[in-house]
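So the chains spell out like this:
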Amino acid sequence: MLACFDRYGVALDNFAVENISLPEELQKAIDTRISMGMVGDMAKYTQYQVATSIPLAAQNEGGLAGTGASLAAGVAMGQAMTEGLKAAQVGSVSSAPAQSEGPEVRLEKLKAMLDKGLITQADYDTAKADILKKLVG
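Residue numbers run consecutively from 1 along every chain, following the written order of its sequence. Two thresholds apply to this predicted model, a pLDDT of at least 70 for residue-level local features and 80 or more for giving and counting side-chain atom pairs, whereas whole-chain, interface and lining totals are computed over all residues. Hydrogen atoms and water are omitted, and side-chain values are computed over all heavy atoms in the structure.

## Quick look at the overall build of the protein
Right, so step 1: Numbering of helices and strands runs from the N terminus; a helix is a DSSP stretch of H or I covering at least four residues, while a strand is a stretch of E covering at least two. Across its full length, the protein holds 7 helices and 0 strands.
Right, so step 2: Taken from the N to the C terminus, the helices and strands of the protein come in the order α-α-α-α-α-α-α.
Right, so step 3: The cut-offs for exposure are 20% and 50% of the maximum accessible area for each residue type, with area from a 1.4 Å probe on protein chains only; residues under the lower value are buried, those over the upper are exposed, and the others partly exposed. Buried residues in the protein amount to 13% of all 137 residues.
Right, so step 4: Pairs of residues are marked as contacts when any of their non-hydrogen atoms sit within 4.5 Å. Excluding contacts between residues fewer than 6 apart, the proportion of contacts in the protein whose partners are at least 24 apart in sequence is 31%.
Right, so step 5: Only the protein chains shown count as covering a residue, and every accessible area follows the Shrake-Rupley method with a 1.4 Å probe. Accessible area for the protein stands at about 10,700 Å²; split by element, carbon and sulfur atoms hold 61% of it.

Put into structure tokens, the structure is as follows:
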């Protein structure tokens, strides 16, 4: 390629490609794949999407979406309460299933509940201290 410029007395010192355009369908597929990789855990992303859409749907007072949003919020509240009760049982002495698990598993579950906002930092600290006290004696 450089030889063809020599015959005209022109030298090509630098050659740079600034843009390569892809067909629109291929570019959309690549963008979708990159977006999915950035999302990571699809289940958590879906939970986030549902949680953020409930208040928007509830603003539509006369529609079925508002009723569904209220129902979904009630179900979510019930699930959170159930998880909270389970959390209280994990730190309790009378909880047989929690006692059969090793302390590492119980601590991991407590931390997960704290991270999800199902228990407070004080609840976590109390239950953690109880587990460690039983472990050390």
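## Side note on the packing of helix H6 (residues 103-115) against helix H7 (residues 121-136)
Right, so step 1: Note on method: axes are straight lines fitted to C-alpha atoms, helices fitted across the in-contact stretch only, with angles between N-to-C directions ranging 0 to 180 degrees. Relative orientation of the contacting elements H6 and H7 amounts to 175 degrees, with a least axis distance of 10 Å. Here H6 lies roughly antiparallel to H7, going by the angle between them. On the side of H6, the interface is formed by Pro103, Arg106, Leu107, Leu110, Lys111 and Leu114, while H7 contributes Gln121, Tyr124, Ala127, Lys128, Ile131, Leu132 and Leu135.
Right, so step 2: Residue polarity follows a fixed list, in which Ala, Val, Leu, Ile, Met, Phe, Trp, Tyr, Cys and Pro are nonpolar, Asp, Glu, Lys and Arg are charged, and the others, Gly among them, are polar. Tallied by class, residues from the contact of H6 with H7 come to 9 nonpolar, 1 polar and 3 charged. Each angle receives one of four descriptions, namely roughly parallel if under 35 degrees, roughly antiparallel if over 145, roughly perpendicular if within 65 to 115, and oblique otherwise.

## Thoughts on H7
Right, so step 1: For H7, which comprises 16 residues, the first-to-last C-alpha distance of 22 Å matches the rise-based estimate of 22 Å (1.5 Å per residue) to within 8%.
Right, so step 2: Within H7, the full set of buried residues consists of Tyr124, Ala127, Asp130 and Ile131. Here the buried residues of H7 occupy an arc of 135 degrees about the axis, which is enough to place them on one side. The outward face of H7, more than 90 degrees from its buried face, is lined by the exposed residues Thr126, Lys133 and Val136.
Right, so step 3: Residues of H7 that are buried sit in contact with H6. Expected helix span is taken as 1.5 Å per residue step, with the number of steps being one fewer than the number of residues. Throughout, the arc means that of the directions going from the helix axis to the C-beta atoms.

## A few points about the nonpolar core
Right, so step 1: Residues Leu110, Met113, Leu114, Ile119, Tyr124, Ala127 and Ile131 constitute the largest nonpolar core, which totals 7 residues.
Right, so step 2: Listing elements by their share of this core, those giving two or more residues are H6 and H7. Within this scheme, the nonpolar core is defined by two criteria: the residues are buried Ala, Val, Leu, Ile, Met, Phe, Trp, Tyr or Cys, and they are joined through side-chain atoms within 4.5 Å.

## Some thoughts on the pattern of salt bridges
Right, so step 1: One side-chain nitrogen of Lys or Arg within 4 Å of one carboxyl oxygen of Asp or Glu is enough to make a salt bridge. Inspection of every chain in the model, using the stated rule, returns 3 salt bridges.
Right, so step 2: Across the pair lysine 28 and glutamate 24 runs a salt bridge whose closest N-O atoms are separated by 3.4 Å. Separated by 4 residues within a single helix, lysine 28 and glutamate 24 lie in helix H2 (residues 24-39), roughly one turn from each other. In this pair, the class of lysine 28 matches that of glutamate 24, namely exposed.
Right, so step 3: One salt bridge in this structure joins aspartate 130 and lysine 134, with 3.1 Å as the shortest N-O distance.

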